[in-house]
Amino acid sequence: MSDALEATQKEIALAKFFHGNRALYDAFRAGCLTQFPLDARMVEQGLRAGDAGLVRRVAHNIKSALTMLGQDALATVALQLELAAQHNLLAEAATAWPVLAEGLDSLS
Amino acid sequence: MTSGETPFSDAEYLTTYQVANLIGVTVRSVQLMVNRGELRGWRTPGGHRRIHKDSLDRWMAFRRGTGGIDRSAPTPVASLQTPVRTSKTVLLIEDSVYFQNLVTSLLSDSFDGLNLQMASDGVVGLAMAGQLQPDVLIVDILLPGIDGATLITSLRSHAFFARTQLIVLTSLTAQQLEQYRFALKGVAVVHKPQMVAELPPLLGHMLGLTTAAASPSAS
């Protein structure tokens, strides 16, 4: 993603979800970047163990965080993962996960 | 702005060294405060940090307990304007670290002295609700252990819960919430993407600390 597009997405999210409170947005983003790798391990653990409930919950949390960061495309992938797990379609979830994992890595 | 200009006049900004001396910390600590957003700063063309004096004033006022909201940022219409003193207890049952952190930041900006307790799963949350008997319970729906809707139904069978007010904090869609509808009648629901605007005024209203705010409800 280009820097300009990322900056625009950030400004939109800042206005839409944080009412322009940049300090709050920045603190939230910093917390997300710390937590994403930990949640990634949880998703992988859930996929390995066939724990659809765990995958659904963590994917849902990641999706919500991405939405508030203005990362709409990645949030959509996280939603696909969440819905696949919700319907116990773990093979489908396992297909969506690498795309999301790569996207999360690119944010840090 | 041309490259030689600065965003502020000399009277409006300070160097990191000056700020460090003023508040008695190291220059590195000041740099970290800027990175965390506690102070507002910018860099000169040569890469040196400058700190906006107003943001230092606000930080110092916050440390003195006289308010710390960043007034340069637009604030939601219904939000609290300054931190409100309260000794009320709020229990947040939320497994997402992202939103545990955001709720903590948001409420500490809005309420001074609020006793915010946290549980990361439904089972622990249920036990803590009984033990703390909070003034307000903020609960997520998708939780490990017991989901939020089952937790609410269970709590309603306890006499103490009659004095506890309830906010459901969720990012589930309306369609996804449908299966939990049985527990949400008459309950205030805040959708996570709107929480910065909606949660502080709603909580303030429930705690009797502000005038009525818009209260989204699932009823």
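Here's a quick rundown of the structure. The model shown is predicted, which means the values in this text are computed figures rather than measured ones.

1. Concerning the overall build of chain A
In terms of helices and strands, chain A carries 5 helices and 0 strands. Listed N to C, the secondary structure of chain A is α-α-α-α-α in terms of helices and strands. The C-alpha atoms of chain A give a radius of gyration of 14 Å, which matches the 13 Å a tight globule of 108 residues would have. With 108 residues in all, chain A has 47% of them scored as buried. Across chain A, the fraction of contacts at a sequence separation of at least 24, relative to all contacts at a separation of at least 6, is 54%. Entry remark: accessible area of chain A is about 5,100 Å², with carbon and sulfur atoms responsible for 56%. For chain A, the distance from the average site of its 9 positive side-chain charges to the average site of its 12 negative ones is 6 Å.

2. Here's the deal with the overall build of chain B
Helix and strand counts for chain B come out as 9 helices and 10 strands. Relative to its full complement of 219 residues, chain B shows a buried share of 47%. For chain B, contacts bridging at least 24 residues in sequence account for 63% of all contacts bridging at least 6. Taken as a whole, chain B presents about 10,500 Å² of accessible surface, with 52% of it coming from carbon and sulfur.

3. Remarks on unusual backbone geometry
If you check the backbone angles, His 19 of chain A has positive phi at about 50° while not being a glycine. When you line up the elements, His 19 of chain A lands in the loop between α1 (3-18) and α2 (22-49). Even without being a glycine, Gln 133 of chain B presents a positive backbone phi close to 45°. Tracing the chain through its elements places Gln 133 of chain B in the loop between α5 (122-132) and β8 (136-139).

4. A closer look at the sheet that holds β8 of chain B
All names here are of chain B. Strand order in this open sheet of 5 strands is β7-β5-β8-β9-β10, and the pairing throughout is parallel. Of all strands in the sheet, those with a lone pairing partner are β7 (115-119) and β10 (188-191), marking the two edges. Neighbour-to-neighbour, the strand axes of the sheet open up by a mean angle of 20°, direction not taken into account. Across 5 bridges, the pairing between strand β5 (residues 89-93) and β7 is parallel. Pairing of Leu 92 across the sheet is with Met 118, part of β7. The strands touched by α5 are β5 and β7; relative to β5, the strand with the most contacts, the crossing angle is about 170°.

5. Topic: helix α4 (residues 72-86) of chain A
In an α-helix there are 3.6 residues to a turn, and that puts residues three or four apart on one side. When the terminal C-alpha atoms of α4 of chain A are compared, their 20 Å separation across 15 residues agrees well with the 21 Å that a helix rising 1.5 Å per residue should span. The set of residues buried in α4 of chain A consists of Leu 74, Ala 75, Val 77, Ala 78, Leu 81, Glu 82, Ala 84 and Ala 85 of chain A. Considering only its buried residues, α4 of chain A is in contact with α2, α3 (52-69) and α5 (90-107) of chain A together with α7 (174-177) of chain B. Once α4 of chain A ends, the next one or two residues include Asn 88 of chain A, with phi positive near 60°.

6. Details of the interface of chain A and chain B
Facing the 24 residues of chain A at the interface are 25 residues of chain B. For the pairing of chain A and chain B, the buried interface totals around 2,200 Å² over both sides, and the portion due to carbon and sulfur atoms is 62%. Of all residues in chain A, the largest losses of buried area upon contact with chain B belong to His 19, Leu 24 and Arg 57 of chain A, amounting jointly to 26% of the total for that side. Inspection of the chain A/chain B interface yields 1 salt bridge. Where chain A meets chain B, there are 6 residue pairs in polar contact (both at pLDDT 80 or more).

7. Digging into the packing of α2 of chain A against α5 of chain A
All names here are of chain A. Direction vectors running N to C along α2 and α5 enclose 155°, while the axes themselves pass 11 Å from each other. With respect to each other, α2 and α5 are oriented roughly antiparallel. Judged by the twist between their axes, the crossing of α2 over α5 is left-handed. Here α2 contributes Arg 29, Leu 33, Phe 36, Ala 40, Val 43, Glu 44 and Leu 47 to the contact with α5, which in turn contributes Leu 90, Ala 93, Ala 94, Trp 97, Leu 104 and Leu 107. Looking at the contact of α2 with α5 residue by residue, the classes come out as 11 nonpolar, no polar and 2 charged.

8. What about the pairing of strand β9 (residues 165-170) of chain B?
Residue and element names in this part refer to chain B. Most of β9 sits out of view: 5 of its 6 residues are buried. By the bridge criterion, 4 bridges tie β8 to β9 in an arrangement that is parallel. Across the sheet, Ile 138 pairs through a bridge with Ile 167, a residue of β9. Handedness of the β8-helix α6 (residues 148-156)-β9 crossover: right-handed.

Conventions we followed
- Residues numbered from 1 in each chain as written.
- Chains lettered and ligands numbered in written order.
- Predicted model: local features only at pLDDT ≥ 70, side-chain atom pairs only at ≥ 80, totals over all residues.
- Heavy atoms only, no water.
- Helix = DSSP H or I, 4+ residues; strand = E, 2+ residues; numbered from the N terminus.
- Rg over C-alpha atoms; globule rule 2.2 N^0.38 Å.
- Buried < 20%, exposed > 50% of the residue type's maximum accessible area, 1.4 Å probe, protein only.
- Contact = heavy atoms within 4.5 Å.
- Areas by Shrake-Rupley, 256 points an atom, 1.4 Å probe, with all protein chains shown as cover.
- Lys, Arg positive; Asp, Glu negative; His and termini not counted.
- Charge placed at Lys NZ, Arg CZ, Asp CG, Glu CD.
- Pairing = 2+ DSSP bridges.
- Axes fitted to C-alpha atoms, helices over the stretch in contact; angles between N-to-C directions.
- Expected span 1.5 Å × (residues − 1).
- Buried area = accessible area lost by both parts, 1.4 Å probe.
- Salt bridge = Lys/Arg side-chain N within 4 Å of Asp/Glu carboxyl O.
- Polar contact = N/O pair within 3.5 Å; in protein donor to acceptor, adjacent residues only side chain to side chain.
- Parallel < 35°, antiparallel > 145°, perpendicular 65-115°, else oblique.
- Left-handed = near helix turned anticlockwise from the far one by under 90°.
- Nonpolar A, V, L, I, M, F, W, Y, C, P; charged D, E, K, R; others polar.
- Right-handed = clockwise from strand over helix to strand, strands pointing away.

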